[in-house]
Amino acid sequence: MKKTIRFSSLALVACILLAGCEGDDFKYPEEPVNYAVVPYGYVLNQGNWGSNNASLSAIYLRGGQYMVSPDFYLKNNGQNLGDQAQDILMSEGGRVFVSVTNSKYIAKLDRNGVELARYSDFTNGPRSFVEADGDLFLSTYDGKVLRFDTATLTPKATYELGAWLEDIAVAGGNVVVSNSDYTGMGLGHSLGIINVASGRVTEVECAPNPTRLVAWNGDFFFTTTEYDASWNAVTKVWRLSDAGAANTIDSVTLATNLYPTDNGLLMMNQTVNYYVTPYAYSNNFLSYSNGTVSAVEPFKTDLSSAPVYMVQQHGDNLYVGISNYAASGSVLNSSLLIFDLEGNLVQRISDAGGVFLSKIVFAE
């Protein structure tokens, strides 16, 4: 039986450009932003590879409307964020942490975007954050997970776990990281598990090239990618249960993206045709809940060909990042679409202040 669950609806890229789409496009106010007012959230724009155009925007709430203030980091620090921003985290202590892979540094910011500390002792670059037991755990392309004191941004411990570590997540007292096959040489085919309390490290073999990884409902879900005889990518979703003990891995389905929500684990299987200009996207959605995978139609607007780059739930809303392309194929900017959990478009912000909107964190 087909199972339908409540998720937010999204709009097509065409809907962003055409009149008559539900929700009003926000216009920047004429008065300057008062940076003494702490932002409601922070938008990380990854930027183009090698273009040094990663950026951080701020989200404010004014009169019930969201506004995005672009170049928040630049305005408060006098320099660009760098090349290829990977992750952003809001700590329990109210500090903002960002990692910038190609620029090979992580930074701690205050709530107004001012940089307070920086760590840059990397060979190949930092990747993803998670907070556990008051510390910051960071995966790196140096094959290590570093455990940082969030107050001083100095390493407290180092865990050797592979080569090209990607996503990282925490649940049940364990931090889990994916060891990807970034170089394509077949080296990455494991998950690293760190017991937060004891520091014990366990490596678990899995299918080749694990990359995306999230924690949901006490388990860990991750993707692996292999290629068929025609060199088509085949991306599978797996579940790791009883991490740190039995370490049971079960196959779930085929999908490329994982989005934890209150209503289930939303998965998107996205394919891209890179032989046309601009690129052509095709998306199908699935839901995992109570051990069952179901095809879902969670959106009231057609998302089947939208270049979705990010989906996140926060409170009663889903926040969706969509990349906008020129006819020439170059990426122009990113749009931020905000929906309620009934699938209604609350607001559409056509330009979120950067390229490849990858993550949002919130100050509350």
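Scroll up to find the structure this text is about.
Because the structure is predicted, anything quoted here is derived from the model rather than measured.

S.K.: Explain unusual backbone geometry to me, and be specific about the residues and the numbers.
M.R.: Between Thr277 and Pro278 the backbone carries a cis peptide bond, its omega angle lying at -10°. Residue position: Pro278 is located in the loop between β21 (264-273) and β22 (280-289). Phi angles above zero are rare outside glycine, and Asn52 is one such case at about 55°. The residue Asn52 is located in the loop between β1 (41-45) and β2 (55-62) in this model. When its relative accessible area of 37% is taken as the criterion, Asn52 is described as partly exposed. One non-glycine residue, Asp133, lies in positive phi territory at about 55°. Its place among the elements puts Asp133 in the loop between β8 (126-132) and β9 (135-140).

S.K.: Run through the pattern of salt bridges, naming residues and quoting values.
M.R.: Enumeration over the complete set of coordinates arrives at 8 salt bridges. Arg147 is the partner of Asp135 in a salt bridge, and the nearest nitrogen-oxygen pair spans 2.8 Å. In this pair, Asp135 is assigned in strand β9 and Arg147 in strand β10 (residues 144-149), connecting sequence segments 12 residues apart. Taking the relative accessible area as the measure of exposure, Arg147 reaches 9% and is therefore buried. In this structure, Arg239 and Asp250 form a salt bridge, with 3.3 Å as the shortest nitrogen-oxygen distance. Of this pair, Arg239 sits in strand β18 (residues 233-241) while Asp250 sits in strand β19 (residues 248-254), and the two are 11 residues apart along the sequence. Taking the relative accessible area as the measure of exposure, Arg239 reaches 23% and is therefore partly exposed. Counted as one network, the salt bridges with shared partners bring together Asp133, Asp135, Arg147 and Lys156.

S.K.: Please give an account of the sheet that holds strand β27 (residues 345-349) that cites residues and values.
M.R.: In space, the 4 strands of this open sheet follow the order β24-β25-β26-β27, with antiparallel pairing throughout. The open sheet terminates on both sides in strands that have one partner only, identified here as β24 (308-314) and β27. Ignoring strand direction, the axes of neighbouring strands in this sheet form an average angle of 20°. Pairing geometry for strand β26 (residues 331-340) and β27, over 4 bridges, is antiparallel. In the strand pairing of β27, Ile338 is matched with Gln347.

S.K.: Can you lay out the nonpolar core for me, pointing to particular residues and giving the numbers?
M.R.: Residues Tyr42, Leu56, Leu81, Ile88, Val96, Val98 and Leu109 are the most contacted members of the largest nonpolar core, which totals 21 residues. Mapped onto this core, the elements with two or more residues apiece are β1, β2, α2 (72-77), β4 (85-90), β5 (96-100) and β6 (105-109). Not counting residues within four places of it along the chain, the set of residues in contact with Val96 comprises Tyr42, Ile88, Leu89, Met90, Ala107, Lys108, Leu109 and Asp110. Met268, Val296, Phe299 and Leu337 belong to the second-largest nonpolar core, a separate cluster that totals 17 residues.

S.K.: Report on the packing of aromatic side chains, specifying residues and quantitative values.
M.R.: Aromatic rings considered in pairs are described by the distance between their centres and by the relative angle of their planes. One pass over the structure, following the stated rule, counts 18 aromatic pairs. Centre to centre, the rings of Tyr66 and Tyr319 are 6.2 Å apart; their planes meet at 90°, and the pair counts as edge-to-face. Residue Tyr66 is located in strand β3 (residues 65-69), and its partner Tyr319 is located in strand β25 (residues 317-325); the two are separated by 253 residues in the primary sequence. Each member of the pair Tyr66 and Tyr319 is classed as buried. Ring plane angle 75° and centroid distance 5.1 Å describe the contact between Tyr119 and Phe148, whose orientation is recorded as edge-to-face.

S.K.: Let's hear about the environment of Ser304: which residues, and what values?
M.R.: The topology assignment puts Ser304 in the loop between β23 (292-295) and β24. The class of Ser304 is partly exposed, set by a relative accessible area of 33%. Along the backbone, Ser304 and Phe285 are 19 residues apart, and their C-alpha atoms lie at a distance of 9.0 Å. Not counting the four nearest positions on each side in its chain, Ser304 is found in contact with Tyr281, Ser282 and Asn283. Within the structure, the side chain of Ser304 is placed 2.8 Å from the side chain of Asp302, a separation counted as a polar contact.

S.K.: Which residues make up the environment of Thr225, and what values do they have?
M.R.: Among the secondary structure elements, Thr225 is positioned in strand β17 (residues 219-227). Its relative accessible area of 15% is what places Thr225 among the buried residues. Those residues in contact with Thr225 that sit more than four places away from it in its chain are Pro208, Asn209, Ala233, Val234 and Thr235. Polar contacts involving the side chain of Thr225 include one to the side chain of Thr235, which spans 3.0 Å.

S.K.: So what about the sheet that holds β17? Which residues, and what values?
M.R.: Pairing within the open sheet is antiparallel, and its 4 strands lie in the order β16-β17-β18-β19. A strand with exactly one partner marks an edge of an open sheet, and here the two such strands are β16 (210-216) and β19. Between one strand axis and the next, the sheet turns through 25° on average, direction left out of account. As judged from the 8 bridges shared by β17 and β18, these two strands associate in the antiparallel manner. The residue of β18 that forms the bridge with Phe221 is Arg239.

Criteria and thresholds
Counting restarts for each chain: residues are numbered from 1 in the order of the written sequence. Predicted model: local features are reported for residues with pLDDT of at least 70 only, side-chain atom pairs are reported and counted for 80 or more only, and whole-chain, interface and lining totals are derived from all residues. Calculation of side-chain values draws on the structure's entire complement of heavy atoms; hydrogens and water are dropped beforehand. The numbering of helices and of strands both runs from the N terminus, where a helix is a DSSP run of H or I of at least 4 residues and a strand a run of E of at least 2. Each residue's exposure class comes from its accessible area (1.4 Å probe, protein chains only) as a fraction of the maximum for that residue type: buried when under 20%, exposed when over 50%, partly exposed otherwise. Salt bridges are defined by distance alone: a side-chain nitrogen of Lys or Arg within 4 Å of a carboxyl oxygen of Asp or Glu. Pairing between strands is defined by DSSP: at least two bridges between the two strands are required. Angles run from 0 to 180 degrees between N-to-C directions of axes, and those axes are lines fitted to C-alpha atoms, restricted for helices to the stretch in contact. Definition used in this section: a nonpolar core is a set of buried Ala, Val, Leu, Ile, Met, Phe, Trp, Tyr and Cys residues joined via side-chain atoms within 4.5 Å. A contact between two residues is defined here by any heavy atoms of the two lying within 4.5 Å. Working definition: a ring pair exists when centres of Phe, Tyr or Trp rings (six-membered ring for Trp) sit within 6.5 Å. Plane angles under 30 degrees give stacked, over 60 give edge-to-face, the rest tilted. Polar contacts, as counted here, are pairs of nitrogen or oxygen atoms within 3.5 Å of one another; within protein the pair requires one atom able to donate a hydrogen and one able to accept it, and residues that are adjacent in sequence qualify only if both atoms are side-chain atoms.

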